Amino acid sequence: MNALSLIIALSLVTVSPALAQAAGGMAGMSMDAAPAAKLGEGVGEVKAVDTKAGRITLHHAPVAALGWPAMTMTFRIDPQLLQGIKPGQKVKFTVKDGEAPEVVALAPL
Ligand SMILES: [Cu+2]
């Protein structure tokens, strides 16, 4: 290998990661333009259900994916998910974060 081909080989090695980073940055920008709703999974105890209003109050354990500590809070929920759900039950749930967080999946433990 002569000196010129060594330089070409080295520059290929160093350019490739830079191209990969540029592609990653562009993907990140498109995410910012249309942010996806953040989902988190948790477990908790049902404190209250309001089928008419489509609300559930849960005392939930920390939700790591959303950075939430343990707390009691009321969520929006599709009333269909509340069938058979009663206060005192332990449940696992998936919540969609936002201005009014919504439980989008719910199952007894
Ligand atoms: Cu909470």
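What you are looking at is a predicted structure, and each value in this text was computed from that prediction instead of being measured.

### Side note on the overall build of the protein chain
- Looking only at helices and strands, the protein chain features one helix and five strands.
- Counting helices and strands in the order they occur from the N terminus, the protein chain gives α-β-β-β-β-β.
- Looking at the protein chain as a whole, 23% of its 109 residues qualify as buried.
- In the form shown here, the protein chain has an accessible surface area of approximately 7,300 Å², with 63% of it arising from carbon and sulfur atoms.

### Observations regarding the nonpolar core
- Among the nonpolar cores identified, the biggest contains 16 residues, and I56, L58, W68, F75, F93, V103 and L106 are the most heavily contacted of them.
- Those elements that place two or more of their residues in this core are β2 (55-60), β3 (71-77), β4 (90-96) and β5 (102-108).
- If near-sequence neighbours (up to four positions away) are discounted, L58 is found in contact with E45, V46, K47, M71, T72, M73, F75, V91, F93 and V103.

### Some remarks on the coordination of the copper ion
- At 1.9 to 2.5 Å from the copper ion lie its protein donor atoms, namely H60 (NE2), M71 (SD) and M73 (SD).
- In the primary sequence, the donor residues of the copper ion line up as H-x10-M-x1-M. Of the two residues, H60 sits in strand β2 while M73 sits in strand β3, which places them 13 residues apart along the sequence.

### Concerning the sheet that holds β5
- In spatial order, the strands read β1-β2-β3-β5-β4; together these five strands close into a barrel with mixed pairing. Each adjacent strand pair in this sheet contributes to an overall mean axis angle of 50 degrees, direction not counted.
- When β4 meets β5, the two strands line up antiparallel, connected through six bridges. For T94, the partnering residue across the bridge sits in β5 and is A105.

### Side note on the packing of aromatic side chains
- In the structure shown here, the tally under the stated rule is two aromatic pairs.
- Their ring planes at 25 degrees and their centres at 6.1 Å tell us that W68 and F75 sit as a pair that is stacked.
- Judged by its relative accessible area of 13%, W68 is buried.
- With a relative accessible area of 0%, F75 lands in the buried category.
- Both rings, one in F75 and one in F93, keep their centres 6.0 Å apart while their planes meet at 45 degrees; by these two values the pair is tilted. Within this pair, whereas F75 is found in strand β3, its partner F93 is found in strand β4, the two being separated by 18 residues in sequence.
- Taken together, W68, F75 and F93 form an aromatic cluster joined through their ring pairs.

The rules behind these values
- Residues numbered from 1 in each chain as written.
- Predicted model: local features only at pLDDT ≥ 70, side-chain atom pairs only at ≥ 80, totals over all residues.
- Heavy atoms only, no water.
- Helix = DSSP H or I, 4+ residues; strand = E, 2+ residues; numbered from the N terminus.
- Buried < 20%, exposed > 50% of the residue type's maximum accessible area, 1.4 Å probe, protein only.
- Areas by Shrake-Rupley, 256 points an atom, 1.4 Å probe, with all protein chains shown as cover.
- Core = buried A, V, L, I, M, F, W, Y, C linked by side-chain atoms within 4.5 Å.
- Contact = heavy atoms within 4.5 Å.
- Donors = N, O, S within 2.8 Å, 3.2 Å for Na, K, Ca; no water.
- Pairing = 2+ DSSP bridges.
- Axes fitted to C-alpha atoms, helices over the stretch in contact; angles between N-to-C directions.
- Phe/Tyr/Trp six-rings, centres within 6.5 Å; stacked < 30°, edge-to-face > 60°.

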